[in-house]
Amino acid sequence: QVQLVESGGGLVQAGGSLRLSCAASGSIFSINAMGWYRQAPGKQRELVATITSGGTTNYADSVKGRFSISRDNAKNTVYLQMNTLKPEDTAVYYCNADLRSRRFSVYSNYWGQGTQVTVSS
């Protein structure tokens, strides 16, 4: 089985910073893109940032210049450094990975359980 486990969420004041981590574990053969999505109450889940295995990044316009995504391929871990946080960044943040387990020969999408980020004004 494959698991994605997020950590690093919490409560922070506006203007503050948080760093999220997501570690993929289990019987993993290979990981392509990894990323972060978020879902605020009453809203649809939206993309925050993604990063390919080669390090190419993509960001939502709302977080460009404030958030930075990175990964450690040796540790199967992706990070999201969030700076200058705003109340509108409040949401549950989900880790996502496009990976192939050792059990199957195709790549599939996996999600973490989510971590709450709350930004107070």
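Asks: Give me the lowdown on the sheet that holds strand E1 (residues 2-7), citing residues and values where you can.
Replies: Read across the sheet, 4 strands follow the order E1-E3-E8-E7 without closing on themselves; strand pairing throughout is antiparallel. Each edge of the sheet is formed by a strand with only one pairing partner; in this case those strands are E1 and strand E7 (67-72). Strand-to-strand, the axes of this sheet are offset by a mean angle of 15°, without reference to chain direction. Bridge analysis of strand E3 (residues 18-26) against strand E8 (residues 77-82) gives 6 bridges, and the strand direction is antiparallel. Residue pairing for E8: Arg19 is matched across the bridge by Gln81.

Asks: How would you summarise the packing of aromatic side chains if you had to cite specific residues and measurements?
Replies: Under the defined criterion, the tally for this structure stands at 1 aromatic pair. Seen from their ring centres, Tyr37 and Trp111 are 5.1 Å apart, and the 65° between their planes marks the pair as edge-to-face. Of the two residues, Tyr37 is situated in strand E4 (residues 28-39) and Trp111 in strand E10 (residues 108-111); the sequence distance between them amounts to 74 residues. Sitting over the ring of Tyr94, Arg45 keeps its end group 3.7 Å from the ring centre.

Asks: Quick one: what's the story with the nonpolar core, residue by residue and with numbers?
Replies: Counting residues in each nonpolar core, the largest one holds 30 residues, and the members touching the most others are Trp36, Leu80, Met82 and Tyr93. Those elements that place two or more of their residues in this core are E1, E3, E4, strand E5 (46-51), E7, E8, strand E9 (91-101) and strand E11 (115-120). For this core, the element with the most residues is E9, which contributes 5 residues.

Asks: Pulling in residues and values, what's your account of the pattern of salt bridges?
Replies: By the definition in use, this model includes 4 salt bridges. As a salt-bridge pair, Glu46 and Arg38 come within 2.7 Å of each other at their nearest N and O atoms. With a relative accessible area of 36%, Glu46 lands in the partly exposed category. By relative accessible area, which is 5% here, Arg38 ends up buried. Asp89 is the partner of Arg38 in a salt bridge, and the nearest nitrogen-oxygen pair spans 2.9 Å. With Arg38 in strand E4 and Asp89 in the loop between E8 and E9, the pair connects residues that are 51 residues apart, well separated along the chain. Summarising the burial analysis for this pair, Arg38 and Asp89 share the class buried. By sharing partners, the salt bridges in this structure join Arg38, Glu46, Arg66 and Asp89 into a single network.

Definitions and limits used
Residues numbered from 1 in each chain as written. Predicted model: local features only at pLDDT ≥ 70, side-chain atom pairs only at ≥ 80, totals over all residues. Heavy atoms only, no water. Pairing = 2+ DSSP bridges. Helix = DSSP H or I, 4+ residues; strand = E, 2+ residues; numbered from the N terminus. Axes fitted to C-alpha atoms, helices over the stretch in contact; angles between N-to-C directions. Phe/Tyr/Trp six-rings, centres within 6.5 Å; stacked < 30°, edge-to-face > 60°. Lys NZ or Arg CZ within 6 Å of the ring centre and 35° of its normal. Core = buried A, V, L, I, M, F, W, Y, C linked by side-chain atoms within 4.5 Å. Buried < 20%, exposed > 50% of the residue type's maximum accessible area, 1.4 Å probe, protein only. Salt bridge = Lys/Arg side-chain N within 4 Å of Asp/Glu carboxyl O.

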